[in-house]
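Descriptive structure summary
Now for the letters of each chain:
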Amino acid sequence: MRGAPERDRRCPTAALPRRRRRRRAEPPRRPGRRRRVLSAAAGPRSARWYKRPIATGSAGRRPARAASAGQAGRGEPAARSAEPARTRRGRRRPRRGRPSFRELDPHVSYDSASASRAEGGRRSGRAQRLTVLSGPSGVGKSTVVRELRAEHPEVWLSVSATTRAPRPGETDGVEYHFTDDAGFDAMIAAGELLEWAQFAGNRYGTPRAPVEERLRGGRPVLLEIDLQGARQVRETMPEALQVFLAPPSWEELVRRLTGRGTEPPEVVQRRLDTARVELAAEKEFDVTLVNTSVDEVRERLLALIGVRGDAAPGAPA
Ligand SMILES: Nc1ncnc2c1ncn2[C@@H]1O[C@H](COP(=O)(O)OP(=O)(O)OP(=O)(O)O)[C@@H](O)[C@H]1O
Ligand SMILES: Nc1nc2c(ncn2[C@@H]2O[C@H](COP(=O)(O)O)[C@@H](O)[C@H]2O)c(=O)[nH]1
């Protein structure tokens, strides 16, 4: 054992010059945990990934590329103005703090926990099976999921129960299981819901049994749920991959939600108020995908779920 220097027992910093005492007397800081982030290296469809160490708290995302998804004029993510700082050796210096959702580009970033879960799962032959897709109302979750399932019906989407009234064109048992308050209460009381939440004046919940059944059968399962539901699933099923779908900009989110024309103005406003809270919680998720292009997000999501582009479609829906 190396001999420890003898200490002044009354004051551990007494031997230090005065200006260094205060700093040494403070409890030692935890060294900044370094995370590894995988980011798309090249073009939007690239299957190449590079690993880039970043400091804790930084998403380490690539600077946004204007019109990267060929959606010029439709709320492209704001490009970062300055080149990233570099170390003396010319390496990229990690940014301090996470960028806001406005700074993100439509490329995926995910931290070490989810990356190793997803990658490790695949290596061991056990693909990531449960994926939660969340994000503010109107960001495009249903649109992306619809496109994804058109190509890959083997990805099973949970049909939620809700007390919301059906919109024109919605069918009971297809988009939702529509129920009333008493029916919803009964499901809660019977423990039939994996999670549930109150959202913009209605209740929504994920029926537990069908999800568990599909997971047992090895099907990739997708839950399209709000932030409160995502938090509950994080508690009860921490192995689930949590994906946040973000809008390219606030203005674009407003445009999409109002443009959809499914809610009266007061409900749109309510959903937008909630959206601010949801956007602020983006960091809780393993991955953020910015929905600038539905095609790109669909491909990214398929890769994250672990469904290969060459996977045979046509599995039972
Ligand atoms: N990448 C995109 N570019 C432009 N418009 C889009 C994009 N993705 C979705 N939209 C449009 O945005 C609107 C809202 O999409 P969608 O209904 O899928 O949102 P959502 O997140 O499922 O909303 P909610 O949470 O309220 O169910 C739709 O009109 C859809 O066509
Ligand atoms: N916590 C849950 N949230 C859900 C569920 N099903 C849908 N949702 C979310 O509700 C809002 C509003 O949906 P809308 O169809 O009325 O526009 C949206 O964010 C959905 O993701 C659920 O089972 N649990």
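Residues numbered from 1 in each chain as written. Chains lettered and ligands numbered in written order. Predicted model: local features only at pLDDT ≥ 70, side-chain atom pairs only at ≥ 80, totals over all residues. Heavy atoms only, no water.

A word on the UniProt feature "binding site: ATP" (unreviewed entry) in the protein
Following the UniProt record, the feature "binding site: ATP" (unreviewed entry) maps to Gly-135, Pro-136, Ser-137, Gly-138, Val-139, Gly-140, Lys-141 and Ser-142 here. Topologically, Gly-140 is positioned in the loop between strand E4 (130-134) and helix H3 (141-151). Gly-140 sits in the buried class, given a relative accessible area of 13%. Residues in contact with Gly-140, not counting those within four places in the same chain, are Leu-245 and Asn-291. Here Lys-141 is to be found in helix H3. On the accessibility criterion, Lys-141 (13% relative accessible area) is buried. If we skip the residues at most four places from it in the chain, Lys-141 touches Leu-133, Ser-134, Gly-135, Pro-136, Glu-224 and Leu-245. A distance of 2.9 Å separates the side chain of Lys-141 from the backbone oxygen of Gly-135, its partner in a polar contact. (UniProt positions renumbered as here; feature names shortened; annotations may be inferred. Helix = DSSP H or I, 4+ residues; strand = E, 2+ residues; numbered from the N terminus. Buried < 20%, exposed > 50% of the residue type's maximum accessible area, 1.4 Å probe, protein only. Contact = heavy atoms within 4.5 Å. Polar contact = N/O pair within 3.5 Å; in protein donor to acceptor, adjacent residues only side chain to side chain.)

Concerning the site of ligand 1
Neighbouring residues of ligand 1: 17 residues in total, closest Ser-137, Lys-141, Ser-142, Thr-143 and Arg-260. The separation between an oxygen atom of ligand 1 and a polar side-chain atom of Arg-260 is 2.8 Å. Relative to its unbound accessible area of 640 Å², ligand 1 is 80% covered by the protein chains. Split into classes, the residues belonging to the shell around ligand 1 amount to three nonpolar, seven polar and seven charged. (Near = heavy atom within 4 Å. Areas by Shrake-Rupley, 256 points an atom, 1.4 Å probe, with all protein chains shown as cover. Nonpolar A, V, L, I, M, F, W, Y, C, P; charged D, E, K, R; others polar.)

Digging into the site of ligand 2
Close to ligand 2 lie 17 residues; Ser-160, Arg-164, Tyr-176, Tyr-204 and Arg-271 are nearest. Glu-195 is positioned such that a nitrogen or oxygen atom in its side chain is 2.7 Å from a nitrogen atom of ligand 2. Out of a free accessible area of 510 Å², ligand 2 has 95% covered by protein chains. Mapped onto the shell around ligand 2, the elements with two or more residues apiece are strand E8 (193-199) and strand E9 (202-207).

A word on the pattern of salt bridges
Between side chains of opposite charge, a pair can form when the charged atoms approach closely. By the definition in use, this model includes 15 salt bridges. Close ionic contact of Arg-167 with Glu-170 constitutes a salt bridge, the shortest N to O distance being 3.9 Å. By relative accessible area, which is 17% here, Arg-167 ends up buried. Between Arg-260 and Glu-263 there is a salt bridge; the shortest N-O distance is 3.1 Å. Arg-260 gets classed as partly exposed once you look at its relative accessible area, which sits at 36%. Its relative accessible area of 13% is what places Glu-263 among the buried residues. (Salt bridge = Lys/Arg side-chain N within 4 Å of Asp/Glu carboxyl O.)

Thoughts on the sheet that holds strand E7 (residues 176-178)
Overall, mixed pairing links the four strands, which are arranged E7-E6-E9-E8 in an open sheet. Since the sheet does not close on itself, it has two edges, and those belong to E7 and E8, each with one partner. In this sheet, neighbouring strand axes are inclined to one another by 25° on average, regardless of whether the strands run parallel or antiparallel. In the sheet, strand E6 (residues 160-162) pairs with E9 via two bridges, with the strands oriented antiparallel. (Pairing = 2+ DSSP bridges. Axes fitted to C-alpha atoms, helices over the stretch in contact; angles between N-to-C directions.)

Examining the nonpolar core
With 43 residues, the main nonpolar core has Leu-223, Val-233, Val-243, Leu-289 and Leu-301 as its most contacted residues. Residues contacting Leu-223, with those up to four places away along its chain left out, are Leu-130, Thr-131, Val-132, Leu-133, Ser-158, Leu-194, Thr-206, Val-211 and Val-233. Core analysis: the next-biggest nonpolar cluster, separate from the first, contains five residues, Phe-178, Phe-199, Ala-200 and Tyr-204 among them. (Core = buried A, V, L, I, M, F, W, Y, C linked by side-chain atoms within 4.5 Å.)

Focus on the pairing of E4
Within E4, five of the five residues are buried, which leaves it mostly tucked inside the rest of the structure. Side chains Leu-130, Val-132 and Ser-134 project from E4 onto one buried face, and the interleaved Thr-131 and Leu-133 project onto a second face that is buried too. As paired strands, E4 and strand E10 (residues 221-224) are joined by four bridges and run parallel to one another. Bridge pairing links Val-132 to Leu-223 in E10. The pairing of E4 with strand E11 (residues 241-246) spans four bridges and is classified as parallel.

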